[in-house]
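Per-entry structural report
Spelled out from the first residue to the last, the chains are:
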Amino acid sequence: MADRTHVGFLGIAEAAAALAGGELSSLTLTDALLVRIERLNPTLNAYTCVMADSARTDARASDARINSGERRGPLDGIPIAIKDVIDTAGVVTTYGSIKYRDHRPAADAHVVQQLRQAGAVILGKTNTHELARGITTDNPHFGPTRNPWDLTRHPGGSSGGSGAAVATGLAVGALGTDTGGSVRIPSHMTGITGLKPTHGLVGRTGARPLVRNFDHIGPMTRSAADCALMLEGMAGPDPNDPDAIAQPAGSFAAALNDPIGGYRAGIIQDFADDALPRIRELFAEAVQAIRSLDVRIDSWTLPATLDPKAAQLVSRSEGYVSIHEMFDGNFSSIDPSIHQRLNAGADATAFDYLRGLEARTAIEAAVSDALESRDFLLSPAYPYPAEPIKRFDARANDTLHASFFNASHHPALVVPMGFADGLPVGLQIVGRLHDDATVLQIGHAFQQVTTHHRQRPDFPVQ
């Protein structure tokens, strides 16, 4: 079977239908992916740990449930990859750090428990930027993950391993974390779909905490519809996460096919203007595609009173404290580029931190205000495509396109919108707090009138 029709490229919805109809078994699907991982991962370095034996055990259990009429839902039997900052019981979880190369957590993270309860098959752990503190997934200890669209380039980060795995059919879906764009940037750079949910919608217990006020866990898949299905299995109350939403999550797929005619959208003009010319062209085409669905679109400019740099002081100071606790203050095993980033938060004063919290709250209020008269906002996901693999580049962490919505806490979805110099780039769709369903509905509607999300990298030929 050619790579472009390999079962690894089935979406969650497609694979779930095939499993439910008896056209495919979970074990067959899992075995095919494991063979593919064995063949391609040495080049891509998407996985740092493959859980082959337990994955096959999970798949057999799923097949038994399906055959006995006890299927748990659309995720039952679906092979999922887990970013290596999220705990898996008894399985090495390194957080991208050499210090934790032999660390085996006693329990699954809450989100992994949720996926297991939904019947998902856990394939393994995916590579991440060291301590998830960067956007290239060029890990000095475990090697760089390579972008399948151009092996000389990075796949984004820090969830780059998950992005590369989904993009190349090494997983049907994957978990990423997003503190400053780490689900959305790899999705943009590898041509897949990724969601940063509303803050607190997905419980974070057992995911390595970096920045409580900015941390999110999100699904990375082939389509908005697949993100909706995966989110339904991930979301839900987490009694040990103080920011978790208490009520049940509900359905995110039920309204996917409802028409979006009559909706109102706003272009985030600052982010649209601050992108490479080719990305601006593709963004204009994406906006026109959404406008053609009878959506009214205007522009929104960031209020001059906002202070995103002050809000980032919260991220830097909380990040420094969390890593300081992990390493007991001894950063000698950490790459100098990460150490440099951590030090940016070391000298923050209590005044700086409180000012940053106020700035974050102001950003949340401004975005919510913009969404009072609009159903969603649009921007390029990032101002440029994937760049060559190299040592840490500070420029890659200066843009607000992604991190702005970690500060605001609003749901933000990235979907493919075309190619710049042969490299995929993404459209970002931002919605009201707790209205992840509408964000996914807009992404799905866009993907019904475009084919960007169906493109596959030419790697490998066979």
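Let us look at the structure shown here. (Residues numbered from 1 in each chain as written. Predicted model: local features only at pLDDT ≥ 70, side-chain atom pairs only at ≥ 80, totals over all residues. Heavy atoms only, no water.)

In this section: the overall build of the protein chain. Helix and strand counts for the protein chain stand at 14 helices and 13 strands. Here the protein chain has a C-alpha radius of gyration of 20 Å; the compact-globule value for 462 residues is 23 Å, and the two agree. Expressed as lengths along the three principal axes of its C-alpha atoms, the size of the protein chain is roughly 60 × 55 × 45 Å. Considering the protein chain as a whole, with its 462 residues, one finds that 62% of them fall into the buried category. A separation threshold of at least 6 residues defines the contact pool for the protein chain, and within that pool the share at least 24 residues apart is 76%. Working note: accessible area of the protein chain is about 16600 Å², and carbon and sulfur atoms make up 51% of it. Separation of charge centres in the protein chain, based on 40 positive and 51 negative side chains, amounts to 3 Å. (Helix = DSSP H or I, 4+ residues; strand = E, 2+ residues; numbered from the N terminus. Rg over C-alpha atoms; globule rule 2.2 N^0.38 Å. Buried < 20%, exposed > 50% of the residue type's maximum accessible area, 1.4 Å probe, protein only. Contact = heavy atoms within 4.5 Å. Areas by Shrake-Rupley, 256 points an atom, 1.4 Å probe, with all protein chains shown as cover. Lys, Arg positive; Asp, Glu negative; His and termini not counted. Charge placed at Lys NZ, Arg CZ, Asp CG, Glu CD.)

Okay, the pairing of strand β8 (residues 216–221) next. Burial analysis of β8 places six of its six residues in the buried class, which makes it a mostly covered element. Sheet analysis places strand β6 (residues 173–178) next to β8, joined by five bridges and oriented antiparallel. Each residue of the ladder has a partner; that of L175, found in β8, is P219. Alignment of strand β7 (residues 193–196) against β8, held across two bridges, turns out to be antiparallel. Within the sheet, the bridge partner assigned to T193 lies in β8 and is T221. (Pairing = 2+ DSSP bridges.)

What follows deals with the sheet that holds strand β13 (residues 423–431). An order of β1-β3-β2-β6-β8-β7-β12-β13-β11-β9-β10 is seen for the 11 strands of this open sheet, with the pairing classed as mixed. What marks the edges here is a single partner per strand, and that holds for β1 (47–50) and β10 (296–300). On average, each strand axis in the sheet is inclined to that of its neighbour by 30°, with strand direction left out of account. Pairing geometry for strand β9 (residues 264–268) and β10, over five bridges, is parallel. (Axes fitted to C-alpha atoms, helices over the stretch in contact; angles between N-to-C directions.)

For strand β12 (residues 412–420), the buried fraction is high: eight of the nine residues fall into the buried class. Bridge count for β7 against β12 is three bridges, and the pairing is antiparallel. Of the residues in β12, the one forming a bridge with L195 is L413. Sheet analysis places β12 next to β13, joined by eight bridges and oriented antiparallel. Residue pairing for β13: G418 is matched across the bridge by V425. Where β12 hands over to β13, the hairpin turn is made up of two residues, of which D421 adopts a positive phi near 55°.

This paragraph deals with the nonpolar core. I86, L378 and L427 are the most contacted members of the largest nonpolar core, which totals 130 residues. The leading source of residues in this core is helix α7 (residues 224–234), at eight residues. Apart from the residues lying within four places of it in its own chain, the contact partners of I86 are T93, A109, V111, V112, K125, L175, T177, G206, A207 and I217. (Core = buried A, V, L, I, M, F, W, Y, C linked by side-chain atoms within 4.5 Å.)

Attention now moves to the packing of aromatic side chains. Scanning the model with the defined rule gives nine aromatic pairs in all. Between the aromatic rings of Y382 and Y384, the centroid separation amounts to 5.3 Å while the plane-to-plane angle is 70°, which identifies the pairing as edge-to-face. Taking relative accessible area as the criterion, Y384 reaches 7% and is therefore assigned buried. With 5.3 Å between their ring centres and 80° between their planes, F404 and F405 make a pair best called edge-to-face. You can call F404 buried: its relative accessible area is 1%. Relative accessible area serves as the criterion here: at 0%, F405 is assigned to the buried category. (Phe/Tyr/Trp six-rings, centres within 6.5 Å; stacked < 30°, edge-to-face > 60°.)

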